[in-house]
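Listed here are the chains, written in short residue letters.
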Amino acid sequence: MELIGNIVLADRILYQGSVRCEDGKIVSIGKAKEKPDGELPYIFPGLVDIHNHGAMGHDYMEATKEAFDAISGRLIRHGVTCAQCTTVSAPVDELKDFLRFFRENIWEKQPKGQCRFCGVHLEGPYISLKNRGAHAAKTLLTARDGYEWILKNRDIIREITVAPELMGMEQMIEALNGAGIVVSGGHDDAEPEEIERAARKGMRHCTHIYCAMSTLHKTGGQRKSGLCEYSMTHDTMTAEMIADNRHTPPLLAQMIYRCKGADRLCVVSDAIAPAGLPENGELFLLGTGEGSTRVFVKDGVAFVEDGSCYAGSVQALDDMIRNLVRDCNIPLVDAVRMASLTPAGVIGIEKECGSIAVGKRADFCVVDHNLRVVATIVGGALAYGGESIWKR
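Each value, and the rule that gives it
- Residues numbered from 1 in each chain as written.
- Predicted model: local features only at pLDDT ≥ 70, side-chain atom pairs only at ≥ 80, totals over all residues.
- Heavy atoms only, no water.
- Helix = DSSP H or I, 4+ residues; strand = E, 2+ residues; numbered from the N terminus.
- Rg over C-alpha atoms; globule rule 2.2 N^0.38 Å.
- Buried < 20%, exposed > 50% of the residue type's maximum accessible area, 1.4 Å probe, protein only.
- Contact = heavy atoms within 4.5 Å.
- Areas by Shrake-Rupley, 256 points an atom, 1.4 Å probe, with all protein chains shown as cover.
- Lys, Arg positive; Asp, Glu negative; His and termini not counted.
- Charge placed at Lys NZ, Arg CZ, Asp CG, Glu CD.
- Pairing = 2+ DSSP bridges.
- Axes fitted to C-alpha atoms, helices over the stretch in contact; angles between N-to-C directions.
- Phe/Tyr/Trp six-rings, centres within 6.5 Å; stacked < 30°, edge-to-face > 60°.
- Core = buried A, V, L, I, M, F, W, Y, C linked by side-chain atoms within 4.5 Å.

1. Considering the overall build of the protein chain
Piece 1. A tally of helices and strands in the protein chain yields 10 helices and 24 strands.
Piece 2. In terms of C-alpha radius of gyration, the protein chain reaches 20 Å, essentially the compact-globule figure of 21 Å for 392 residues.
Piece 3. Structurally, the protein chain occupies a C-alpha span of about 65 × 45 × 45 Å along its principal axes.
Piece 4. Per-residue burial for the protein chain yields a buried fraction of 58% across its 392 residues.
Piece 5. For the protein chain, contacts bridging at least 24 residues in sequence account for 66% of all contacts bridging at least 6.
Piece 6. Split by element, the accessible area of the protein chain, about 15600 Å² in all, is 47% carbon and sulfur.
Piece 7. Charged side chains of the protein chain number 44 positive and 52 negative; the gap between the two group centres comes to 4 Å.

Quick look at the structure:
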């Protein structure tokens, strides 16, 4: 099978290009021998969302096939072919139940033609009270409450967000990093020296930069930087941002991009249950059970019930690519890289997916010249859109 279009590679666009696939893999990339009639689409690699909680009225933590199928359907319609399921702070027993469901029903049992769920991102419960955002205060823990349950699930947990200043966190970060889990700083209230020590122990990523985290502040009259500034200025750290023009306004997104570059900055949706549904003032849950928080959507962004802070996004990664190109003047190649290869690299799956390269999975997001998704292909199989995109 062959796709012909303007192929967005990791470092350039191959105009009027051809990519051939066999047995679910990419076997060749080059110039098309002949230009078909009509305007050629752009061919992106399948998008990779490493931080999303839900969609279509469902949250991953419901731990049902119905929830996963609904979320997968929306991801596919927006060009996302690989996603990391993100939890919210909750009692440990609830998190264990979710992990058990994921292992028994999702992990390595995913049907063809759906978004691949490549692992779990634990956002909390080891985060700060001050910058917890939409996370329920009563669910928060410190390292001294124990984390053996995380280490026991190291094969399915790819990432965890923690606050570096918590008691015992240096030892916890060292243990998690040693187990191959990506440790990300976020929802913190840390001082510079605490961030530096955490980085030395293995914290190498930053969760939704500039959202619910430490930043420039005064302590005893002295200005001190926070995790925002640390992550922007240290090349050893990658970072993610919610590029919905609300959590990260365009000017701020430009600044972060100029500091980090497309190879160390990724875009995440942080989408929650109401994503994909009409905005009508209805209340939804972020999480389930004791750890849930009631949220609503207004003017294209989610808030906690009392309106005191944002509670996540309702946009998808393709929306955010358009925001970056249209509103932030970021080149298309870099915007696409931040939604595909860079997030894949953060969680260590870049050899399998994230870019259009020979030997990688045949995962594609096909868009028109308005950067609207017209087709999504997973492992060489059409998952969304029309068969007419293939040249056989």
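Don't stop here, the text continues.
2. With respect to the sheet that holds strand 20 (residues 310–312)
Piece 1. Sheet architecture is open: 4 strands sit in the order 17-18-19-20, paired in antiparallel fashion. This sheet does not close on itself; its edge strands, each paired only once, are strand 17 (284–286) and strand 20. For this sheet, the mean angle separating the axes of adjacent strands, direction not counted, is 50 degrees.
Piece 2. For strand 17 and strand 18 (residues 293–298), the ladder comprises 3 bridges, and the chain directions are antiparallel. Bridge pairing links F284 to V295 in strand 18.

3. Here's the deal with the sheet that holds strand 10 (residues 157–162)
Piece 1. In spatial order, the strands read 5-8-9-10-11-12-15-16; together these 8 strands make up an open sheet with parallel pairing. At either margin of the open sheet sits one strand with a lone partner, and together these are strand 5 (47–52) and strand 16 (265–267). If you compare each strand with its neighbour and ignore which way they point, the axes differ by 30 degrees on average.

4. What to know about the environment of I272
Piece 1. Its place among the elements puts I272 in the loop between strand 16 and strand 17.
Piece 2. Accessibility expressed as a relative area gives 0% for I272, which makes it buried.
Piece 3. A sequence separation of 22 residues divides I272 from R294, and the C-alpha atoms of the two residues are 11 Å apart.
Piece 4. Filtering out sequence-adjacent residues up to four positions away, I272 remains in contact with H53, G54, A55, L286, V295, A302, A311, G312 and S313.

5. Quick word on the packing of aromatic side chains
Piece 1. Considering all chains together, one arrives at 10 aromatic pairs under this definition.
Piece 2. Ring geometry for F98 and F102: centres 6.3 Å apart, planes at 35 degrees, overall tilted. Of this pair, F98 and F102 both sit in helix 2 (residues 92–105), 4 residues apart, roughly one helical turn.
Piece 3. Overall, the relative accessible area of 1% leaves F98 in the buried class.
Piece 4. Since its relative accessible area comes to 0%, F102 is described here as buried.
Piece 5. Among the aromatic residues, ring-to-ring pairing joins Y60, F68, F98, F101, F102, W107 and F117 into one connected group.

6. What to know about the nonpolar core
Piece 1. Core analysis: the biggest nonpolar cluster contains 114 residues, and F44, Y126, I150 and I160 have the highest contact counts within it.
Piece 2. In this view, F44 contacts V8, I321, L332, V336, I356, D363, F364, C365, V367 and L371; residues no more than four positions away in its chain are not counted.
Piece 3. Membership of the second largest hydrophobic core comes to 12 residues, among which are L3, V19, I356 and I377.

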